[in-house]
Each structure stands twice: as C-alpha cells, then as structure tokens.
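One letter stands for each residue in the lines below.
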Amino acid sequence: MRDLFVAMVKEEWRIHATMAGNLGFGLFPVMIAAFSFMGAWILPLFLEIVPASLLAFIVHAMFALMGVMVGSFGIMGREFMNRRFGQASLIAYSSRSLPLSERTIFATFVAKDVLFYLFLWVIPAVAGIAAAAPFIGMEPAFPLLLLVTFSLSFLEGLAVVFFLSTLYARSPRIAGAILAAGAVAVALASLAGIGPAMLLPPYAFLLAPGILPLAASLALIGIPAAVSIAWATIEYPDAARRYPNSFDGLSDRLSLFSRPWLTAKDALDLRRSEGGIAKIIFSFLMPLGLVWVFLSVLFRFIPGLSPLIVFAVLLGVISSTTYNWLTEFDTFSAYAFLPVDVRTVITGKLQSYGVINLVSLAVLILAAAAAGDAGAVVPAVLAFLSVSAYSLAVTVRLTGLYPSVMLYQVRVFLLYLAAISPALLVLIFVSILDPWYAAGSVVLLPAAWFLLDRAMLRWTAFDMPSY
Amino acid sequence: MAAIIETQDLTKTFGDTTAVDHVTLSIAAGELFGLLGPNGSGKTTMNKLLTGQIRPDAGTVRVMGLDVPADPVRVRAGIGIIPEQETPPSFLTAEEYLHFVGRVRGITAIDEQAEKWFDILEFRDKRQVLCKDLSRGTRQKLMVAQAFLHEPPLAFIDEPLINLDPIMQRTVKDFLSEYVAGGGTVFFSTHILGIAEEICTSFAILHNGVVLHHGTIDELVTGDRHLEGFFLERVRGHAHA
Ligand SMILES: Nc1ncnc2c1ncn2[C@@H]1O[C@H](COP(=O)(O)OP(=O)(O)OP(=O)(O)O)[C@@H](O)[C@H]1O
Ligand SMILES: [Mg+2]
C-alpha cells in the first residue's frame, strides 16, 4: 500500500511534468510562496483597515473553501480510477489487479490528492509568511501555528464535503436534509450571536490555542473522513447500463448551435457519469453559497460596496472553472481520427459552457432576490456575463483543452492572474463609486472574442500530447 | 492505377527516437496494403502521419491527392480510420456513438448504416449499452463500424482484429477483402503475419522507422516460402547491420 501511494504520487507528478516540464511544475509552490510572502509583507497596511481577527478569519475561510471545492470524492464512485484524464491508464485503474481492495486503493487515492494540495498550496503559503515574518515583526513561531490552522481549515472543508458527497451518493435526499439542517443550525447560531469561531474550530484554535478547539477540529476532520472512506460507494452493480437513443433528440434540440452533437455528448456525459450532476452541486453551487454567505458577512465592514456586484464578478470567475470539468470528460484523442480539428472541439466546449452558464445566471438571479438590491441587478448581470466570457477566454487561450493540467505551470498561472485580476479589481473598485459603472465590464466582451480567436489558432496548430 | 497514398522522405522524431525515418512509399488505389513491423517499429506513427493526426518533421505526404499536413480535416473527412488505442466515449451507448459519428461526418442515411453494421458484426443486442460497459471486443466492433459508416474509398486500420474472436476475425477479414474487391483501398498495420499473408495484396516491412522492403504478397509467397521467414530474415538482418 505504501508502494501504491508512492507510485500514485509519482504518476501525478509526471502527468503535470509532461505538460509543464519538471521545472515549470516544480516552481508552482515556489510561486505560491512568493505571493504569500508579498501578501504578508503588506499585511501591516491591511491591518490599518481590517481588524486582525477578521483578516485571519477570511484567510482561514478561504482555505476551508478550497477544501470544499476539491473534496467531493464521495461522488466519484469508480471513476476516480479512470476519469481524470479520460483514459483508463492511471495506476488506480491498473491496481485493480493487485491483491488490494478497491477501498484501499480509493483511500490511497484520496490521501494522495490531499497531500498534493497541501504541498502545492498550503505549505508554500505558510512558507511565504514565515519568510516575511522577521520583516513585519511577526513572532517566528507564529507561522508554525498558521501551518497547523491553515491545514486544519483546508482539511475541515474537505472532510465535510467528502462526507456530504458520500451521503449524496447513497441518498441525495438524506444529504440534502443534512445540508439544510446544517444551514439552519448555522443561521440560528449566528442569530444567537455565536461567532464564526464556532464554525471553524481551527480559527478558534488560532485565537486561543488550547485543547478544546484542537480536539474539535480534529473531530470535525477525522470523523467525517473516516465515515466517508468506510461508506463511499465504490462498488457498483456490474450490470451493463442500457439507454434508448437520446443523443439524436438532444442534438436536434440544441440545433441553434453550430456543433450541436458535441454539446449533446457533453450533456450525456454529465448526466450519466457517476459524479455528473452532483459535481455541479458540490464543486460549484456549494462553494458559491459559501461565497455568498461570506460576502454578506464581510460587507458589514466595507460600506459602499454592493455585495451583488462583487458576487456577480466572482460568479463569473468561478463559472469559468466549470470549463475544467467539461474538458475532463474526454481528451482530443477521442476526436483525432474524425474529421474535426481542435478548433471544432473547443467550439463545442464553448457551447456546452454557455449552457452551464444558464445555471450560473439562475444563481445570480436568486442572489439578487435574496439581496433585494433591484437597482444593481442589470449591472450585475452584465458584469457576470462579461467576466465569465473573459475569464473563460483567458483560460482557453492559455490552456487549450488541458486546463486542469496546464494551470499548474508557473508561467501559465502567472499569465492567468495577470490577465484576470486587474480587470476584476478595477471592476469592483469602480462599482464602489456607482454600481452602474460595473456595466462598463462589457468592454471585456471584445477582448474575450479576440482571445478566443487567437486560442483557436494556437491550439489547432499544437500537436496534442497523448496520454 | 494511380497512387492514392504517396510519401516522400517522411520523417517524424520524438525526442531522440526517430519513429519514422525518411519513408518514401507509394500505394496504388485498390490495394489491401499491409504495413508490417515489430513492436515500436513506427506503424502507428505512420498511420497518424498519413491521416493528419500528427505533423511530420520533414518530407511530404499526400493522400487522395491532398496535401495531408495542409488540410488534415478534409483528408479525414474522405477516409475511415480505426485507431490503435482509442475506444468509443464512455457515456454514449453503442447506437448513440454511431449516430454521433454520423452527425460529425454529415451522413444522412445514418439509421440504415448503423443497422447494417449491427447485423454484419452481430451486436444488435448491445446497441443500447453504454460503451464503458461493453466488452473490449464489442468496443472494437464499434470502432470498425464507425470507420466504414460513410463508405469511404480508403481506410486506415491499425491492428483492428486483436480483440476479436476467430469468428469475428473471419467476418472482418471477409469484409475487407470484399471492400477492396469493390474498389476500396485499405492501409492495414499489423505485426500478425498470418493475417497479412492471408488477405493483403501488397505489403511493406518497417523496422526502426525504415522501410526494408515493399512488394506484393504473390511474388513472395510461393510454395513453402512464407511471409514469416522473410520477415524475420529482413528484420534480423537490419537489426544486426
Ligand atoms: N507520442 C510519442 N512520444 C514519444 N515517443 C513516441 C510517441 N509515439 C511513438 N513514440 C515512439 O516511436 C516509436 C514507434 O512507435 P509506434 O507506436 O509508431 O510503433 P508501432 O510500430 O505502432 O508499435 P506496436 O506494434 O507496438 O503498436 C517507439 O519507439 C515509440 O516509443
Ligand atoms: Mg502500433
């Protein structure tokens, strides 16, 4: 089992290194550390505006959110073995022939993924802060405490979602009920004046290191994770699934697209794969819900900002990450022997992306209703559409059909940030002056168009790697 | 007859391996051509170069009169391909996959074509099953069917028989022979010499990316002379040279 773990880690490394080069990928944590160093460097400035405890909470909540976004292992079912890159060539798949239970392989896979995120994100972030500590008068031991609390926050988000997704795979209804009960409990707690520290014990541990918050954190991680590993639905009845032809009907209904057959295929992939629809709930709607809660809390402290506009902007960026899943269903090699080129396949993915964005739009309208901010609805919708199109265009230009691998390349990631963050900051800033200024985001649309056009040219001329 | 496939000094390298090394080859329309070579000799790479799935580093390649690297999509629209590795997409059913390919290729009579292939390869009972739940052999049948749905004049097939049972191998071999008799051309890569000897009309031996021999089966196979002996002699001779 240890060998299996080592082999999986090596495999993960090589998959990334194949696309990014050993150096390009190896530098990724260094880059995260550099960013966090710079962030820590200007920390004293931040602390003039925002209370330290709030800032600490935001950062811990972000790590928890990251855990939420990557933690839905429970809905992967058997696909953890072969879905990642469209082919059954991963070790997880071939180890079925070893004398190990599928559950052991699954647990090893989860452990590998967790370790991957810790080493790529959490540890470098703390390392950056540690490096900056002497310059900002931070106690040298404090980063060690942060390493513990950041990791625990990340793991808490991950474990809770792992548990919910495991439940969901067994019974969507029970999972929904538990989620609703949890939401009500949180709402009651906040009405009763119980602070966020209760929800995020790792944060409470940071404020007042002691046995109780530590034990609470470990319990909140250990119990759901253990239950999930033991309960996760990995064995499925091996009966062949049968369906009448719904591909043609779907293609006909999508005929306003130029490549309806590609979008129809994506839709069937999403609907029939084990994690399909659930993935929308766990990796998309739930993080969005958390972002919304988070913004509504935060904005009590920053007057003048319209939470709806900021939410719309973030929604645009988060929506663009759904392109990652769309490209995970297949690799270009599934089309390479047909009379289509990369341009066509990308066009198909863009169409599917357009369909998924209808869900985002519905979320935005819900948020608008919840916010009761009628005046900001139109600029918010425009900002969402523009940011969504623009971030998607940047992603496609930089990563083609391989976003989940390519974004770990330092150069690509930096370009991605450089292309997207200024636009977002300017947009949020001008919206403080007047929410209607956010409508100016439509200037991003021609930029998106241009980038997509260049992307098609670039990736069509690129020899696709095959793995 | 005129050449339907023509290469001149075709070369492809991957890092420091030269997978295809200055290959100059001309194949006439109407042949059932076998590209024979040991593992790793460059057969699949040749297939991908000829069908525009990868770009050559040097040399030229023309298929049905078209410059392949210049217009790979048009080339692929005119031919059928059975790739070596690829299997049909997991979450479509067998029937849906054929309809998918039909739409990609703009085939109007897709229903009749699909029905015809369910009969030829005898997998009508599997047509509503998700591709990921099909046996390897059935997935292979599906890949054979998708390559011939549009009745192309030329087909490139890379080891298509490997997962099929003897009965299905017979069916496919007979289909290929009939197809060539009806005017089609087949470019068939394999290292199974028996099959090549049985159905191919002409062949070439590829080793380390180099063509060692190009000729017809008839001129070679006479009396008790067989392809296998000739193949081993040539490949071993080249390996020691
Ligand atoms: N994408 C690639 N990257 C690196 N090397 C490659 C790639 N594709 C092929 N090769 C190398 O090129 C050589 C020829 O490979 P190819 O797959 O064409 O052989 P083949 O004759 O089809 O073998 P087999 O009979 O095993 O299918 C091999 O040495 C192989 O390792
Ligand atoms: Mg091969």
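About the cut-offs
- Residues numbered from 1 in each chain as written.
- Chains lettered and ligands numbered in written order.
- Predicted model: local features only at pLDDT ≥ 70, side-chain atom pairs only at ≥ 80, totals over all residues.
- Heavy atoms only, no water.
- Near = heavy atom within 4 Å.
- Polar contact = N/O pair within 3.5 Å; in protein donor to acceptor, adjacent residues only side chain to side chain.
- Areas by Shrake-Rupley, 256 points an atom, 1.4 Å probe, with all protein chains shown as cover.
- Helix = DSSP H or I, 4+ residues; strand = E, 2+ residues; numbered from the N terminus.
- Salt bridge = Lys/Arg side-chain N within 4 Å of Asp/Glu carboxyl O.
- Buried < 20%, exposed > 50% of the residue type's maximum accessible area, 1.4 Å probe, protein only.
- Contact = heavy atoms within 4.5 Å.
- Donors = N, O, S within 2.8 Å, 3.2 Å for Na, K, Ca; no water.
- Expected span 1.5 Å × (residues − 1).
- Buried area = accessible area lost by both parts, 1.4 Å probe.
- Nonpolar A, V, L, I, M, F, W, Y, C, P; charged D, E, K, R; others polar.
- Axes fitted to C-alpha atoms, helices over the stretch in contact; angles between N-to-C directions.
- Parallel < 35°, antiparallel > 145°, perpendicular 65-115°, else oblique.
- Left-handed = near helix turned anticlockwise from the far one by under 90°.
- Pairing = 2+ DSSP bridges.
- Core = buried A, V, L, I, M, F, W, Y, C linked by side-chain atoms within 4.5 Å.
- pLDDT = per-residue confidence, 0-100.

(A) The arrangement of the site of ligand 1 in detail. All names here are of chain B. Residues in close proximity to ligand 1 total 13 residues, the closest being Gly40, Lys43, Thr44, Thr45 and Glu84. Contacts to ligand 1 include lysine 43, whose side-chain N or O atom sits 2.7 Å from an oxygen atom. Summarising the interface, the protein chains cover 63% of the accessible area of ligand 1, which totals 640 Å² for the free molecule. Per-element accounting of the shell around ligand 1 gives the leading share, three residues, to helix α1 (residues 43-50).

(B) Representation of the pattern of salt bridges in the model. Residue and element names in this part refer to chain A. All chains considered together, the criterion is met by 18 salt bridges over all chains. Where lysine 265 meets aspartate 269, a salt bridge forms, and the shortest distance between an N and an O atom there is 2.9 Å. One end of the pair, lysine 265, and the other, aspartate 269, are both in helix α11 (residues 260-272), four residues apart, so they sit about a helical turn from each other. Accessibility classification places lysine 265 together with aspartate 269 in one group, the buried group. The partner of lysine 349 in a salt bridge is aspartate 266, and the shortest N-O contact between them spans 3.0 Å. Residue lysine 349 is found in helix α15 (residues 342-371), and its partner aspartate 266 is found in helix α11; the two are separated by 83 residues along the sequence. For the residue pair lysine 349 and aspartate 266, the accessibility class agrees, reading buried in each case. Among the charged side chains, a salt-bridge network with shared partners connects Lys265, Asp266, Asp269, Asp330 and Lys349.

(C) Fine view of the side chain of Ser153(A). Residues and elements named next belong to chain A. Position of serine 153 relative to the elements: it lies in helix α6 (residues 142-170). Residue serine 153 is classed as buried on the basis of its relative accessible area, which comes to 0%. Look past the residues within four positions of serine 153 in its chain and what remains in contact with it is His60, Phe63, Ala64 and Pro202.

(D) Representation of the coordination of the magnesium ion (ligand 2) within the structure. At this site the magnesium ion (ligand 2) is bound by Thr44(B) (OG1) and Glu84(B) (OE), with donor distances of 1.9 to 2.3 Å. Residue Thr44(B) is found in helix α1, and its partner Glu84(B) is found in the loop between β6 (79-82) and α3 (94-105); the two are separated by 40 residues along the sequence.

(E) Quick peek at helix α18 (residues 410-433) of chain A. For α18(A), with 24 residues, the first-to-last C-alpha span of 35 Å sits near the 34 Å given by 1.5 Å per residue. For α18(A), the complete set of buried residues consists of Val410(A), Val412(A), Phe413(A), Tyr416(A), Ile420(A), Ala423(A), Leu424(A), Leu427(A), Ile428(A) and Ser431(A).

(F) Main features of the interface of chain A and chain B. Listed as interface residues are 35 residues of chain A and, on the opposing side, 31 residues of chain B. Surface buried jointly by chain A and chain B totals about 3000 Å² across both partners, of which 57% is contributed by carbon and sulfur atoms. Where chain A meets chain B, there are three salt bridges. Between Asp252(A) and Arg103(B) there is a salt bridge; the shortest N-O distance is 3.1 Å. In this structure, the connection of chain A to chain B is made through 16 residue pairs in polar contact (both at pLDDT 80 or more). Considering each element in turn, the side of chain A that touches chain B owes the most residues, six residues, to α11(A). Partitioning the side of chain A that touches chain B into residue classes produces 17 nonpolar, seven polar and eleven charged.

(G) Quick look at the packing of α11(A) against α3(B). At a minimum axis separation of 10 Å, α11(A) and α3(B) run at an interaxial angle of 155 degrees. Accordingly, the angle class assigned to the pair α11(A) and α3(B) is roughly antiparallel. In this structure, the crossing between α11(A) and α3(B) has a hand that is left-handed. For the pair α11(A) and α3(B), contact is made by Trp261(A), Leu262(A), Lys265(A), Leu268(A) and Arg272(A) and by Glu96(B), Phe100(B), Arg103(B) and Val104(B), respectively. Its residues assigned to classes, the contact of α11(A) with α3(B) comprises five nonpolar, no polar and four charged.

(H) Expanded view of the pairing of strand β4 (residues 58-63) of chain B. All names here are of chain B. Pairing geometry for strand β1 (residues 3-14) and β4, over five bridges, is antiparallel. Bridge pairing links glutamate 6 to arginine 62 in β4. In this sheet, strand β5 (residues 66-67) lies alongside β4 in antiparallel orientation, the contact comprising two bridges. Within β5, the position partnered with arginine 62 by the bridge is aspartate 67.

(I) Region of interest: the nonpolar core. Phe311(A), Phe100(B), Phe148(B) and Leu176(B) are the most contacted members of the largest nonpolar core, which has 159 residues in total. Discounting chain neighbours no more than four positions away, the residues touching Leu176(B) are Leu32(B), Phe148(B), Ile157(B), Val186(B), Phe188(B) and Ile199(B).

(J) Local environment of the packing of helix α16 (residues 377-399) of chain A against helix α19 (residues 444-460) of chain A. Residue and element names in this part refer to chain A. In contact at an axis separation of 8 Å, α16 and α19 are set at 20 degrees when each is read in the N-to-C sense. As far as their axial angle goes, α19 and α16 are roughly parallel. Both α16 and α19 take part in a crossing whose hand is left-handed. For the pair formed by α16 and α19, the contact residues are Leu385, Ser386, Val387, Ala389, Tyr390, Ala393, Val394, Val396, Arg397, Leu398 and Thr399 on the first element and Leu444, Leu445, Ala447, Ala448, Leu451, Leu452, Arg454, Ala455, Arg458 and Trp459 on the second. Grouping the constituent residues of the contact of α16 with α19 by class yields 16 nonpolar, two polar and three charged.

(K) Just α6(A), in detail. An ideal rise of 1.5 Å per residue puts 42 Å on 29 residues; α6(A) measures up with 42 Å between its terminal C-alpha atoms. Counted residue by residue, α6(A) has 21 buried out of 29 residues, so it is predominantly covered.

(L) Geometry of the confidence of the model for chain B. On average, residues of chain B score 91 in pLDDT, and 99% of them reach the 70 mark or higher. Across the interface, the model reports ipTM at 0.93; the global pTM reads 0.84.

(M) Region of interest: the sheet that holds β4(B). All names here are of chain B. What the four strands build is an open sheet, ordered β2-β1-β4-β5; its pairing is antiparallel. Each edge of the open sheet is held by one strand with a lone partner, namely β2 (17-28) and β5. Here α1 sits on the sheet in contact with β1, β2 and β4, set at roughly 120 degrees to β1.

(N) The arrangement of the confidence of the model for chain A in detail. All names here are of chain A. Per-residue pLDDT for chain A has a mean of 85; in total, 90% of the residues score no lower than 70. α16 holds the highest mean pLDDT among the elements of chain A, 96, whereas helix α4 (residues 91-94) holds the lowest, 64. In this model residues 82-88 is a low-confidence stretch, pLDDT under 50, and it forms 25 contacts with partners more than four residues away in sequence or in other chains.

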